[in-house]
Amino acid sequence: MRMRRPRSSRFAVISMALLVSPISIGNGIAAAPPQIATCASCHGVNGMGNLSAGFPALAGLPAPYIERQLTAFKHGERKNAVMQSMANPLDAKARAAIAAYYATLPVPATPEPTKRLNTQGEALAMNGVWGGKLTGVPACDSCHGPYGIGVGVSFPRLAGQPQSYISAQLTAWKNGSRTGDPLHLMSNVARQLSAAEISAVSAFYASLSPNPTTLPGLVPDGGKQ
């Protein structure tokens, strides 16, 4: 049986997640290394990606996370022909510089949608799938933070990323073409998801704000619930 956190405890977890979220970045933007001109052709000049093409946003993601992904592409832990060709010539210094630049790019602050997708995807993201069993799929937000805003350096922001990108990554974790996840967390979760569940949860996270001005259940600055 899954134990549900008390409402006050869930708010406390949300508040802590906001404090460590990668959305809160420094005041300055790191110097752009020369490779950024090439990166921008897919990930955008502002680093916010390309929704229609399925290219993810990199702006505001933790530098260690971005650096680790570039290393994974270089060594084949993540398989993508374009990204592997881009990452292969990068040495450790170049990877660190690219990561530092994108980590300091601002993420536009926008409200959460007033009507979220009340679907299978939201239920999976917020509550997981247990089906009356002792084992199952944990809530995505238990690692990636409330409404997918990201937590720390190992659990990146999902909110606002392209649906096709999220779906492709979950499928890659599921079939083993992407590896290197801490404690095999993503591999173990993705293997339990059906294609319909992957599509649903990807659509849910794609519909959310990448940098919400506030979250449901939290009191805005100086406001009242």
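Residues numbered from 1 in each chain as written. Predicted model: local features only at pLDDT ≥ 70, side-chain atom pairs only at ≥ 80, totals over all residues. Heavy atoms only, no water.

Trainee: What is the right way to look at helix α6 (residues 120-127) in this model?
Mentor: Along an α-helix, a turn takes 3.6 residues, which lines up residues three or four apart on a common side. The complete set of buried residues in α6 reads G121, E122, L124, A125 and M126. The N-cap residue of α6 is T119: its side-chain oxygen and the backbone nitrogen of G121 are 3.2 Å apart. (Buried < 20%, exposed > 50% of the residue type's maximum accessible area, 1.4 Å probe, protein only. Helix = DSSP H or I, 4+ residues; strand = E, 2+ residues; numbered from the N terminus. Polar contact = N/O pair within 3.5 Å; in protein donor to acceptor, adjacent residues only side chain to side chain.)

Trainee: Just checking my understanding: could you explain the nonpolar core for this structure?
Mentor: The tendency in soluble globular proteins is for nonpolar side chains to be buried side by side. Y147, L170, L193, V201, F204, Y205 and L208 are the most contacted members of the largest nonpolar core, which has 19 residues in total. When residues of this core are assigned to their parent elements, the largest contribution, four residues, is made by helix α10 (residues 195-206). Ranked by size, the runner-up nonpolar core spans 16 residues in total, among them C39, A94, Y101 and L105. (Core = buried A, V, L, I, M, F, W, Y, C linked by side-chain atoms within 4.5 Å.)

Trainee: Hey, could you run me through unusual backbone geometry in this one?
Mentor: Across the chain, the bulk of peptide bonds are trans and the bulk of non-glycine residues have phi less than zero. Backbone geometry places Y147, a non-glycine residue, at a positive phi of 55°. Inspection of the secondary structure assignment puts Y147 in the loop between α7 (141-144) and α8 (163-175).

Trainee: Explanation requested: the side chain of R157 in the structure shown.
Mentor: By the element assignment, R157 lies in the loop between α7 and α8. Of the side chains with opposite charge, E112 lies nearest to the buried R157, which makes no salt bridge, at 10 Å. Here A59 takes part through its backbone oxygen, which lies 3.0 Å from a polar atom of the side chain of R157. (Lys, Arg positive; Asp, Glu negative; His and termini not counted. Salt bridge = Lys/Arg side-chain N within 4 Å of Asp/Glu carboxyl O.)

Trainee: Help me understand the state of the cysteines in this model?
Mentor: Throughout the structure, instances matching the rule amount to zero disulfides. Cysteine C140 remains unbridged, with the sulfur of C143 as its closest cysteine sulfur at 8.8 Å. In this structure C140 comes out as buried when scored by relative accessible area, which is 18%. (Disulfide = S-S within 2.5 Å.)

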